[in-house]
Amino acid sequence: MSYIEEVRAAVAARNAGQPEFMQAVDEVLNTIRPVVESDDVYKRNAVLERITEPDRQIMFRVPWTDDNGNMRVNRGYRIQFNNAIGPYKGGLRLHPSVNLSIIKFLGFEQIFKNSLTGLPIGGGKGGSDFDPKGKSEREIRDFCHSFMTELSRHIGADTDVPAGDIGVGGREIGYMYGQYKRIKNLYEGVLTGKGLTYGGSLARTEATGYGLVYITENMLAAANDGIKGKTVAISGSGNVAIYAAQKVQTLGGKVVTMSDSNGWIYDPNGIDLAVVKDIKEVKRGRIKEYADRVKSAEYHDSGKVWQVKCDVALPCATQNELDENDAHTLVKNKVKAVGEGANMPSTTEAINVFQAANVLFMPAKAANAGGVAVSALEMSQNSQRLAWTFDEVDGKLKGIMKGIFDKTAEAAKLYSKPADYVSGANIAGFLKVAQAMIAQGV
Ligand code: NDP
């Protein structure tokens, strides 16, 4: 058995019942093979055994009270996966589907993503199976305070710096930051995605979506093409989806779909983002309302956005939302490029379909790294006690995404084949972390 197969079997045995985590590990192990098998330094230093085992897995009880005065209990998680190149960094997800497997897959992916940004940040992730949907403002605040009461023991500006993810936006970060400050008596950059009046960075809200479109544009440019004039299908209608749509429109593309967990909209005239923002960011409503307000739009409560003909597909909702059948439909409809805004939104089989059909495909680790990159810039501004302008941050984001594209493309060319960005991103991300781990000997 080769070193990679040995490690794969041991990780599978030790993490039984964690399919999302194994999916993420398998993808990385399969693609870094040319590097790992070219030099026994990785085996001698047990790099793969170490990189697949989190430094620390924290699980805790989160008690809170609902509006009827009843005590409720959820489970909280923080996985501190790897800090070889910097403090643990990664978001917090609040969603009923959250479990150890999902948080570990996200934390594992984060190691390579953060490495690709070129910034000094390690990999971590956290969250809870708390469902924020339908909860009152007071219930959300009580939950966030209770969650942070425990989490505060484990994090710090130079230790572990969480951020937002599904179900965690500016409001939740605000409540968590307030509680951290109260417990620790420290005004430090321990969370990112903070409000602009208390240490947040301009362009953080936009960063993941904008970054996704910048790197998709880089990928298209390398094939002598661009977003301008393209029809774009986007899934999701949260933070990543909204700002990806905004940047596509700025660059002259037409976004025709968006979705939430209840259904999806198709607007052949191009999505009116002001309406989406009002529904999602102001009223916290459902995407269905869009079709009530915009006459050219259709609403569907079954099927997926991927059945709509498009040139570019940007999945921006959640893991495994685009499967093999969806990929076949997109290919049949002549999709040119796919950029992953969400984490691991395409199944392994879907990625195989895209690659076999020579569709340009940018995996999440590279494609959505703009969010964490600007989070790292927020940490820099907090340490400097400075606030940079929107254009300064956006300019740096653009440069970082170009850097990620170049590194990914180069590694693809060197170790796999040109435009195999899945291998490229995994290899480029892995090399830096592996070198640091070997150098540190732990
Ligand atoms: P939000 O909570 O703002 O939005 C998530 C969107 O996806 C909503 O429209 C939501 O619909 C939909 N969604 C979530 N879960 C499901 C599900 N199980 N089935 C169908 N639809 C679902 O989250 P973000 O936009 O922040 O995150 C989206 C993705 O991007 C996630 O994979 C996240 O990990 C990733 N990401 C986010 C970053 C960030 O900076 N925010 C950075 C890097 C990656 P509904 O409202 O109905 O739940």
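The coordinates are above.
Worth saying up front: this structure is predicted, and the values here are computed from it rather than measured. (Residues numbered from 1 in each chain as written. Predicted model: local features only at pLDDT ≥ 70, side-chain atom pairs only at ≥ 80, totals over all residues. Heavy atoms only, no water.)

Colleague: Help me out: how do you make sense of the overall build of the protein in this one?
Modeller: Of regular secondary structure, the protein possesses 18 helices and 12 strands. For a compact globule of 442 residues, the expected C-alpha radius of gyration is about 22 Å, and the protein comes in at 21 Å, within 12% of that figure. Taken along the three principal axes of its C-alpha coordinates, the protein extends 65 × 55 × 45 Å. Burial statistics for the protein: of 442 residues in total, 58% are counted as buried. Sequence-distant contacts in the protein: of pairs separated by 6 or more residues, those separated by 24 or more amount to 71%. Carbon and sulfur atoms form 49% of the exposed surface of the protein, whose accessible area is close to 17400 Å². Computing the positive centroid from 53 side-chain charges and the negative centroid from 51, the protein places the two 3 Å apart. (Helix = DSSP H or I, 4+ residues; strand = E, 2+ residues; numbered from the N terminus. Rg over C-alpha atoms; globule rule 2.2 N^0.38 Å. Buried < 20%, exposed > 50% of the residue type's maximum accessible area, 1.4 Å probe, protein only. Contact = heavy atoms within 4.5 Å. Areas by Shrake-Rupley, 256 points an atom, 1.4 Å probe, with all protein chains shown as cover. Lys, Arg positive; Asp, Glu negative; His and termini not counted. Charge placed at Lys NZ, Arg CZ, Asp CG, Glu CD.)

Colleague: Looking at this model, I keep getting lost on the sheet that holds strand E9 (residues 298-300). Mind explaining?
Modeller: Strand pairing within a sheet occurs via backbone hydrogen bonds; the two strands may be parallel or antiparallel. One open sheet holds the 7 strands; their spatial order is E9-E8-E7-E6-E10-E11-E12, and the pairing between them is mixed. The sheet terminates laterally at E9 and strand E12 (360-362), the two strands that pair on one side only. When strand polarity is set aside, the average angle formed by the axes of neighbouring strands in this sheet is 15°. Here strand E8 (residues 264-266) pairs with E9 via 3 bridges, running antiparallel. Each residue of the ladder has a partner; that of Ile265, found in E9, is Tyr299. (Pairing = 2+ DSSP bridges. Axes fitted to C-alpha atoms, helices over the stretch in contact; angles between N-to-C directions.)

Colleague: Teacher, can you tell me more about the packing of helix H9 (residues 204-221) against helix H16 (residues 370-384) here?
Modeller: When two helices pack together, their arrangement is given by the angle between the helix axes and by the axis-to-axis distance. The N-to-C vectors of H9 and H16 enclose an angle of 145°; their axes lie 7 Å apart at closest approach. Relative to H16, H9 is oriented so that their crossing is right-handed. Taking contact as the criterion, the partners of Arg204, Ala207 and Thr208 in H9 are, on H16, Gly370, Gly371, Val374, Ser375 and Glu378. (Left-handed = near helix turned anticlockwise from the far one by under 90°.)

Colleague: Explain the packing of helix H13 (residues 324-332) against helix H14 (residues 348-356) here, please?
Modeller: Two elements in contact, H13 and H14, have axes separated by 7 Å at closest approach and are oriented at 20°. Classified by the angle their axes make, H13 and H14 are roughly parallel. Considering only the axes of H13 and H14, their crossing is right-handed. Of the residues in H14, those in contact with Glu324, Ala327, His328, Leu330 and Val331 of H13 are Glu349, Ala350, Val353 and Phe354. Grouping the amino acids of the contact of H13 with H14 by side-chain chemistry returns 6 nonpolar, 1 polar and 2 charged. (Parallel < 35°, antiparallel > 145°, perpendicular 65-115°, else oblique. Nonpolar A, V, L, I, M, F, W, Y, C, P; charged D, E, K, R; others polar.)

Colleague: I'm lost on the sheet that holds strand E1 (residues 56-65) in this one. Help?
Modeller: Spatial ordering of the open sheet is given by E1-E2-E4-E3-E5, a layout of 5 strands whose pairing is mixed. The open sheet has two free edges, formed respectively by E1 and strand E5 (160-163), since each of these has just one partner strand. Taken pair by pair, the neighbouring strands of this sheet meet at an average axis angle of 20°, ignoring direction. Of the pairings in the sheet, the one linking E1 to strand E2 (residues 71-82) comprises 10 bridges and is antiparallel in character. Each residue of the ladder has a partner; that of Gln57, found in E2, is Ile79. Seen against the sheet, helix H7 (residues 137-151) touches E1, E2, strand E3 (88-94), strand E4 (122-128) and E5 and runs at an angle of roughly 145° to E1.

Colleague: How should I be thinking about the site of the ligand in this particular structure?
Modeller: If you check the shell around the ligand, you find 24 residues, and the closest are Asp165, Thr208, Ser261, Arg286 and Asn343. Contacts to the ligand include Val240, whose backbone N or O atom sits 2.9 Å from an oxygen atom. When the ligand is considered free in solution it has 890 Å² of accessible area, and contact with the protein chains removes 83% of it. Split into classes, the residues belonging to the shell around the ligand amount to 5 nonpolar, 13 polar and 6 charged. (Near = heavy atom within 4 Å. Polar contact = N/O pair within 3.5 Å; in protein donor to acceptor, adjacent residues only side chain to side chain.)

Colleague: I would appreciate a short explanation of empty space enclosed by the protein in the present structure.
Modeller: Where empty space is left can be seen by rolling a probe of water-molecule size over the atoms. Considering all chains together, one arrives at 1 cavity of 30 Å³ or more under this definition. Of the voids in this model, the largest cavity is the one considered here, and its volume is about 60 Å³. Forming the boundary of the largest cavity are Glu27, Glu109, Glu340, Met344, Ser346, Ile351, Pro363, Ala364 and Lys365. Per-class residue counts for the lining of the largest cavity are 4 nonpolar, 1 polar and 4 charged. (1 Å grid on protein atoms, 1.4 Å probe; cavity = no way out; pocket = protein on both sides within 12 Å on 5 of 7 lines; lining within 4 Å. Points joined across faces, edges and corners; volume = space filled by probe spheres on them.)

Colleague: Help me understand the side chain of Arg93 in this model?
Modeller: Inspection of the secondary structure puts Arg93 in strand E3. With relative accessibility at 3%, the residue Arg93 sits in the buried group. Ignoring sequence-local partners within four residues, the contact set of Arg93 consists of Val98, Ile102, Leu106, Gly126, Gly127, Ser128, Asp165, Ile166, Val168, Thr318 and Gln319.

Colleague: Would you mind going over the nonpolar core with me for this structure?
Modeller: One broad trend across soluble globular proteins is that nonpolar side chains are buried collectively. Counting residues in each nonpolar core, the largest one holds 103 residues, and the members touching the most others are Tyr42, Phe108 and Phe430. At 10 residues, helix H18 (residues 421-440) tops the list of elements feeding residues into this core. In this view, Tyr42 contacts Tyr3, Val35, Val36, Val47, Phe430, Leu431, Ala434 and Ile438; residues no more than four positions away in its chain are not counted. (Core = buried A, V, L, I, M, F, W, Y, C linked by side-chain atoms within 4.5 Å.)

Colleague: Could you clarify how one ought to interpret the side chain of Asp66 in this entry?
Modeller: Within the secondary structure layout, Asp66 lies in the loop between E1 and E2. Beyond its immediate stretch of four places on either side in the chain, Asp66 contacts Arg72, Arg138 and Glu139.

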